[in-house]
Amino acid sequence: MTLKEPVPVAPGTATGAKAEPPHRATAWPEARAAAARAGTAARAGREPRRLPLGQALGHALAEPLLALTDLPSFDTSAMDGWAVAGPGPWSVRTETPVLAGHAPAAALTDGEAVRIATGAPVPPGTTAVIRTEHSRTERTDTERTDTEPAESADRTESTERAGGVAAPGPVLHALRGVVPGQDIRPRGQECRAGDELLPAGTEVTPVVLGLAAAAGYDELPVPPRPRVEVLVLGDELLTAGLPHEGLIRDALGPMLGPWLAALGAEVLATRRIGDDAEELYAAVTGSAADLVVTTGGTAAGPVDHLHRVLDKAGATLLVDGVKVRPGHPMLLAALGGHRHLVGLPGNPLAAVSGLLTLAEPLLAALVGASPSGGRAPVLDEVHGHPYDTRLVPVVRRGEQLVPLRYNGPAMLRGIAVADGMAVVPPGGARSGQELDVLDLPWPPTSGAVPAQGACFT
């Protein structure tokens, strides 16, 4: 046996602690970038589909959302009141008020006014709209009776003289200054036809649906949901009952499908396969999925068949091991035909690490989105690996991150109550240091952590 070369102690490592030599693997940021590139390249070969507005919620836009018309598409009244032309006072035309959804009234000439409703098209020649509460009307002397006051607010009805001759209409006065264009939404105020309203990749929210409808859309272009198949490997896994006699419960089968669906994937199936290389080969090469996700079998143990299966299938390894803890023996392979495989480690939290490192950025790129996340300061010092990135479950307390216990490769107790996974650089992080955080695809659980004091480091 040969002796290993001395390895420098990474910053943050205790003096005298033994450090392992770096394993031959991809740095964590580079692995994430490689997964995103793979997804982007695969997306280029996928045609978007068009969904009715009612079905597009939660998808991402496959193309920029361009206005199909001017908004508004005609000059409209922003208020209930009077459309007026020229300086006042104005003679009120006694025709039916101009209403939304109806054809515009005949053009106004200077000195004329007509009643108008919010959203109605303003008549040609309109100078401004005067709000009802900012106006008054009065009848002419020839219209008033002996008992009728000279000023009568909001009277627009005309009277008729004997013999059927129409009397002059009421006169409109403004109660405050009138500025040309006031309370008129001019055509194209919000956008012109062809303007980009939203870029590709924008998530379709309820407000986006409203904007698309206003801009004239009946359907929206969205990327097809990536099809994913999960292959859970191992003879030692139980699907029911208590662990016994060297057998353990399968924790990943129930977890990965819903997690991938929350990331926007269409999960075709979750299949369990024993430690059989031929069965695994048939499952990988026969899958119709855009992304095959496997669990276990990524290392070099006696029943770790995945590398040999990928070699036999003619796959190209894009990432073979990542400098991250837990989960370093993860991998990413191109299967051909814009299809990929992500190999996750078999330990549950290590598998979560692989999911966030490789599967999430690949799926996000496939639909033209970006993985969610942010940055926040960590409350306490976090121990790091000497030369690898470390992913640690955390909860948010105010503006700070609090690391959780139970963060070993086989443990799910910490991540079950976490808000995300903090990205701890090699050597660790000091108190107050800002860290990247990988969000989980469901609402935060902060404030609902049981036995808080027992869960924190």
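Residues numbered from 1 in each chain as written. Predicted model: local features only at pLDDT ≥ 70, side-chain atom pairs only at ≥ 80, totals over all residues. Heavy atoms only, no water.

**So, the sheet that holds strand E21 (residues 331-336)**
Stated formally: DSSP-based pairing: two strands are paired if at least 2 bridges between them are found. Helix and strand definitions here come from DSSP, where helices need a minimum of 4 consecutive H or I residues and strands a minimum of 2 consecutive E residues; each element is numbered from the N-terminal end. Helix axes are fitted only over the stretch in contact, all axes being lines through C-alpha atoms; the angle between N-to-C directions runs from 0 to 180 degrees.
In space, the six strands of this open sheet follow the order E17-E14-E18-E22-E21-E19, with mixed pairing throughout. Among the strands making up the open sheet, the edge pair consists of strand E17 (266-273) and strand E19 (316-320). Sheet twist, expressed as the average angle between the axes of neighbouring strands with direction ignored, equals 20°. Taken together, the seven bridges between strand E14 (residues 227-233) and E17 define a ladder with parallel strand orientation.

**With respect to the sheet that holds strand E7 (residues 112-116)**
Spatially, E8-E5-E7-E6-E10-E9 is the arrangement adopted by the six strands of the open sheet, whose pairing is mixed. Either end of the sheet is taken by a strand with one partner, and the two such strands are strand E8 (128-131) and strand E9 (135-138). Mean inter-strand twist for the sheet, computed between neighbouring axes without regard to direction, equals 35°. Here two bridges tie strand E6 (residues 90-92) to E7, and the two strands are oriented parallel to one another. Looking at the pairing, Ser 91 lines up with Glu 112 of E7.

**Some words on the pairing of strand E22 (residues 339-344)**
As a reminder of what qualifies: Under the scheme applied here, a residue whose accessible area is under 20% of the maximum for its type counts as buried, over 50% as exposed, and between as partly exposed, the area being computed with a 1.4 Å probe on protein chains only.
Burial within E22 is extensive, with six of its six residues counted as buried. Looking at chain direction, strand E18 (residues 291-295) and E22 are connected through five bridges and run parallel. Considered in E22, the bridge of Val 293 is made with Val 342. Sheet topology places E21 next to E22; five bridges connect them, and they run antiparallel. Residue Leu 331 lies in a different strand from E22, and its bridge partner there is Gly 343. Once E21 ends, the chain turns through two residues before running back antiparallel as E22, passing Gly 337 with a positive phi of about 65°.

**Comments concerning the confidence of the model for the protein chain**
For clarity, the cut-off: Per residue, pLDDT captures the predictor's confidence, and it can take any value from 0 to 100. Residue contacts are defined here by distance: any two heavy atoms, one from each residue, within 4.5 Å place the two residues in contact.
Across the protein chain, the average pLDDT comes to 84, with 85% of residues at 70 or higher. Note on residues 142-166: pLDDT is under 50 here. Beyond four places in sequence and across chains, it has 41 contacts. Under a pLDDT of 50 for its full length, residues 450-457 has, in the predicted model, 18 contacts with residues more than four places off or in other chains.

**Let's talk about the nonpolar core**
Threshold: Working definition of a nonpolar core: buried Ala, Val, Leu, Ile, Met, Phe, Trp, Tyr and Cys residues. They are joined through side-chain atoms within 4.5 Å. Each domain's limits were defined by an automated method or a database of domain assignments.
Grouped together as the largest cluster of nonpolar side chains are 45 residues, with contacts concentrated most on Leu 260, Leu 332 and Leu 358. With ten residues, the single largest contributor to this core is helix H6 (residues 348-366). Two domains each donate at least three residues to this core, and these are domain 1 (26-46 + 225-366) and domain 4 (374-439). Ignoring any residue separated from it by four or fewer positions in sequence, one finds Leu 260 in contact with Val 228, Val 230, Ala 265, Val 267, Val 293, Leu 355 and Leu 363. The next biggest cluster of nonpolar side chains, apart from the first, holds 17 residues, and it includes Ala 56, Leu 65, Leu 71 and Leu 198.

**Topic: the packing of helix H1 (residues 28-43) against H6**
Keep this limit in mind: For classification purposes, angles smaller than 35 degrees are called roughly parallel, those larger than 145 roughly antiparallel, those between 65 and 115 roughly perpendicular, and all remaining angles oblique. In this scheme, a crossing is called left-handed if the near helix is turned counterclockwise away from the far one by less than a right angle; it is called right-handed if the turn is clockwise.
Contact pair H1 / H6: the axes reach a minimum separation of 7 Å and the direction vectors enclose 30°. Overall, the two elements H1 and H6 adopt an arrangement that is roughly parallel. The chirality of how H1 crosses H6 is right-handed. Contacts from Trp 28, Ala 31, Arg 32, Ala 35, Ala 36, Ala 38, Gly 39, Thr 40, Ala 42 and Arg 43 of H1 reach H6 at Leu 356, Thr 357, Leu 358, Glu 360, Pro 361, Leu 362, Ala 365 and Leu 366.

**Points about the pattern of salt bridges**
Condition: What makes a salt bridge here is a side-chain nitrogen of Lys or Arg within 4 Å of a carboxyl oxygen of Asp or Glu, nothing more.
Here the structure, examined in full by the defined rule, presents 16 salt bridges. Two residues, Arg 46 and Asp 290, come together in a salt bridge whose shortest N-O distance is 3.1 Å. With a gap of 244 residues between them, Arg 46 in the loop between H1 and strand E2 (49-52) and Asp 290 in the loop between helix H4 (277-286) and E18 connect regions that are remote in the sequence.

**A few points about the side chain of Asp 304**
Heads up, the condition is: The positive count covers Lys and Arg only, the negative count covers Asp and Glu only, and His and the chain ends enter neither.
Residue placement: Asp 304 occurs in the loop between E18 and helix H5 (306-312). For the buried Asp 304, which has no salt bridge, the nearest side chain bearing the opposite charge is Arg 308, at an N-O separation of 7.8 Å. The contact partners of Asp 304, leaving out residues within four places of it in the chain, are Gly 297, Thr 298 and Ala 299.

**A closer look at the packing of aromatic side chains**
As a reminder of what qualifies: Any Phe, Tyr or Trp ring, taking Trp's six-membered ring, that has another such ring centre within 6.5 Å forms a pair; planes under 30 degrees apart are called stacked, those over 60 apart edge-to-face, and the others tilted. Counting as a charge over the ring demands two things of the Lys NZ or Arg CZ atom: a distance within 6 Å of the ring centre and an angle within 35 degrees of the ring normal.
In this structure the tally under the stated criterion is one aromatic pair. Between the aromatic rings of Trp 259 and Trp 442, the centroid separation amounts to 4.8 Å while the plane-to-plane angle is 75°, which identifies the pairing as edge-to-face. Of this pair, Trp 259 sits in helix H3 (residues 252-262) while Trp 442 sits in the loop between strand E27 (434-439) and helix H7 (452-455), placing them 183 residues apart in sequence. Here the basic side chain of Arg 115 rests over the ring of Trp 82, its NZ or CZ set 4.3 Å away from the ring centre.

**Here we look at H6**
Short version of the rule: In a helix, the anticipated span is given by 1.5 Å times the number of residues less one. Values of bend correspond, residue by residue, to the angle between axes fitted over the seven residues ending at that residue and the seven starting there.
Under the 1.5 Å per step criterion, the end-to-end length of H6 is 25 Å for 19 residues, consistent within 8% with the ideal 27 Å. Along H6, the largest kink reaches about 40° and is centred on Leu 355. Here H6 lies mainly inside the structure; 19 of its 19 residues are buried. Following H6 by one or two positions, Gly 368 has its phi on the positive side, about 75°.

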